[in-house]
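# Examination of the molecular architecture
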Amino acid sequence: GEPGMALVFIMHLAPGHKSLLPELLARATKMPVNEITSGMIPEINHVYVKPPNTELSIAGGELLLSPKKDTTSKHLPIDIFFRSLAEEHGNRSIGVILSGTATDGTLGAGVIKAEGGIVFAQDEKSATFNDMPQSAITAGCVDFVLPPEKIARELARIAKHPFLAPAATVRAGEPIITEGKGMEGIFAILRSAQGLDFAYYKRPTIARRVARRIILLKLGNLKSYLKFLRENKDEVNSLYEDLLINVTSFFRDPKAFQVLEKSVIPAILKSKTKDQGIRIWVPGCSSGEETYSIAMLLAEALGEKAGAVPVQIFATDMSGSSIHKARRGIYGKNIKDAIAPKRLKRFFSRKDDSYEISKQLRELCVFSKQNVFADPPFSNLDLISCRNLLIYLQPAAQKKVFHHFHYGLQPGG
């Protein structure tokens, strides 16, 4: 197939509002512009516009429309589409967040970046409403901040990059970069700079993320990237942070937290005698959202007894910048999409455009940098919550980590 990309436009429109976008775009481009109907198969160099009052996703190669859900909950059509795009197309997904109010797109952009895709946001100077782009930038999931005409130029360049060849030539799960020696060279640089051996990680995941850095830096291949890496200390840090897939959000995957709230935490509390403390470990804690979510559930479950029962939640990560962010406990305003108003009021204080974790929660949590493969684990633990780490590890490394976990848990933990 020829290089190129299909473009999908999602606009926030008032319910019952007819979209004029198809006509307006048709005047501005030679590409065919289509209003989406469910089941459409997107083609390269075509433009697709989401009709009003719908939710759009992509699956099995088709654009799928469903009626917009009830009007009481927040409508986040961009998040919904970005998430499905990342699941469907992985590192070949590109998200662009243009001018708009509120924070739709931020969570979805995080998912695109986690899959090794690329995210653009419109710069403040050119955006009429800066909320949407700024929210994603603050969350740390944006690669380029540019005015629209420069975004267009970058998209055209990226479309031609050999690493993003049409899907037929790259089978899913196969590494994009197969040059073994080059990858070993990269691992060696990271080992000496950061002390973490990425040979523990699954090769295709690492290859996709290295490919992402190569595309972002406008380099052609692994050899030129290795040279660049040797000469640029900043890029070593950027690659390291990129490889430590920091995707997290408050109460992510709510069903898991319901189980914690209804079954796990009550069982832990029941097993304690009067003065026994509670010890929890969150390895791979990223920027702290999951740790604080567990802390909220514990504080709620303890209620009046909160001060009397000693609680320690140890949270660790290999990323220094994530640990710093977690300790600060300051989050963007998009968190109000994930946290019930009652909890927001009780556990956070509003600061300008962000929310800060209360002292009560912060005192329960100890954040530190730790290597889950090499450093000794914590002991006498009631609960270990490890999410989004094991899936990236090779089987031998998974076994090693499980061994540490079993050692750290107390009987019945």
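Numbers given for residues are sequential positions, taken from 1 along each chain in its written order. Given that the model is predicted, a residue must reach a pLDDT of at least 70 before its local features are reported, and side-chain atom pairs must reach 80 or more before they are shown or counted; all residues, however, enter totals for whole chains, interfaces and linings. In computing side-chain values, all of the structure's heavy atoms are included and hydrogens and water are not.

## Quick word on the environment of Ser379
Note the cut-off: Labels follow the DSSP assignment, with helices taken as runs of H or I lasting at least four residues and strands as runs of E lasting at least two, numbered in each case from the N terminus. Throughout, a residue-residue contact means that at least one pair of heavy atoms, one from each residue, lies within 4.5 Å.
When you line up the elements, Ser379 lands in the loop between β14 (365-369) and β15 (383-384). When the C-alpha atoms of Ser379 and His406 are compared, they prove to be 9.5 Å apart, with 27 residues separating the residues in sequence. Sequence-distant contacts of Ser379, defined by excluding residues within four places in its chain, comprise Arg279 and Gly408.

## Topic: the pattern of salt bridges
Put simply, the test is: Think of a salt bridge as a Lys or Arg side-chain nitrogen and an Asp or Glu carboxyl oxygen that are within 4 Å of each other. Whether a residue is buried, partly exposed or exposed follows from its accessible area with a 1.4 Å probe, protein chains only, as a fraction of its type maximum: under 20%, in between, or over 50%, in that order.
What the rule picks out here adds up to 19 salt bridges. Measuring nitrogen to oxygen at the nearest pair gives 3.6 Å for the salt bridge that ties Glu261 to Arg343. Of this pair, Glu261 sits in helix α10 (residues 254-270) while Arg343 sits in helix α13 (residues 341-347); the two residues are 82 residues apart in sequence, bridging distant segments of the chain. According to the relative accessible area criterion, Arg343 is buried, its value standing at 16%. With a closest N to O distance of 3.3 Å, Glu356 and Arg362 form a salt bridge. Accessibility expressed as a relative area gives 16% for Glu356, which makes it buried. On the basis of relative accessible area, Arg362 is assigned to the partly exposed category, the value being 26%. Residues joined in a network through salt bridges with shared partners are Lys113, Asp143, Arg212, Arg213, Glu235 and Asp242.

## Digging into the environment of Lys202
Where we set the bar: Between N or O atoms, a polar contact is any pair within 3.5 Å; within protein, one atom must be a potential hydrogen donor and the other a potential acceptor, and residues adjacent in sequence are included only when both atoms are from side chains.
Of note, Lys202 is situated in the loop between α6 (180-194) and α7 (203-216). A C-alpha to C-alpha distance of 5.6 Å links Lys202 and Tyr392, two positions 190 residues apart in sequence. Apart from the residues lying within four places of it in its own chain, the contact partners of Lys202 are Ile391, Tyr392, Leu393, Gln394 and Gln398. Within the structure, the side chain of Lys202 is placed 2.7 Å from the backbone oxygen of Ile391, a separation counted as a polar contact.

## Observations concerning the sheet that holds β14
As a reminder, the rule being used: Any two strands with at least two DSSP bridges between them are considered paired.
Strand order in this open sheet of four strands is β14-β10-β9-β15, and the pairing throughout is parallel. What marks the edges here is a single partner per strand, and that holds for β14 and β15.

## Examining helix α4 (residues 131-138)
Stated formally: Arc definition: directions from the helix axis to the C-beta atoms.
Among all positions of α4, only Met132, Pro133, Ser135 and Ala136 are buried. Along the axis of α4, the buried residues cluster in a sector spanning 160°; they form a single face. Tucked inside the fold, the buried residues of α4 contact α2 (77-89), β6 (94-97), α3 (106-114) and β7 (118-122). The positive-phi residue at the C-terminal boundary of α4 is Gly140, with phi of around 80°.

## Here we look at the packing of aromatic side chains
Selection criterion: Here is the rule: rings of Phe, Tyr and Trp (six-membered ring for Trp) pair when centre to centre is within 6.5 Å. Planes less than 30 degrees apart are stacked, more than 60 are edge-to-face, and the remainder are tilted.
Going through the model one piece at a time under the given rule, you end up with 15 aromatic pairs. Between the aromatic rings of Phe198 and Tyr201, the centroid separation amounts to 5.0 Å while the plane-to-plane angle is 50°, which identifies the pairing as tilted. Overall, the relative accessible area of 6% leaves Tyr201 in the buried class. Members of the aromatic cluster, connected to one another through ring pairs, are Phe250, Tyr292, Tyr331, Phe348, Tyr355 and Phe367.

## A look at the sheet that holds strand β1 (residues 7-9)
Keep this limit in mind: Axis lines are fitted through C-alpha atoms, for helices just across the contact stretch, and the angle between N-to-C directions can take any value from 0 to 180 degrees.
The sheet built from three strands is open, its strands ordered β1-β3-β2 with parallel pairing. The open sheet terminates on both sides in strands that have one partner only, identified here as β1 and β2 (33-35). Ignoring which end each strand starts from, the neighbouring axes of this sheet average 25° apart. Judged from the three bridges that link them, β2 and strand β3 (residues 47-49) form a sheet pairing that is parallel. Bridging across to β3, Val33 finds its partner in Val47.

## Focus: the packing of α2 against α3
For clarity, the threshold we go by: Just so you know how the angles are binned, under 35 degrees is roughly parallel, over 145 roughly antiparallel, 65 to 115 roughly perpendicular, and the rest oblique. Residue polarity is assigned by list, with Asp, Glu, Lys and Arg as charged and Ala, Val, Leu, Ile, Met, Phe, Trp, Tyr, Cys and Pro as nonpolar; anything else, Gly included, falls into the polar class.
For the pair α2 and α3, the least separation of the axes is 7 Å and the interaxial angle reads 10°. Considered as vectors, α2 and α3 are oriented roughly parallel to each other. Note on element contacts: α3 touches α2 through Thr106, Leu107, Gly108, Ala109, Val111 and Ile112, opposite Asp79, Phe82, Arg83, Leu85 and Ala86. Taken together, the residues that form the contact of α2 with α3 break down as seven nonpolar, two polar and two charged.

## Points about the confidence of the model for the protein chain
We count it as follows: One confidence number per residue, pLDDT, is output by the predictor and ranges from 0 to 100.
Here the protein chain averages 90 in pLDDT, while 95% of its residues score no lower than 70. Within the model, pLDDT remains below 50 along residues 167-173, and this stretch shows two contacts once partners closer than five positions in the same chain are excluded.

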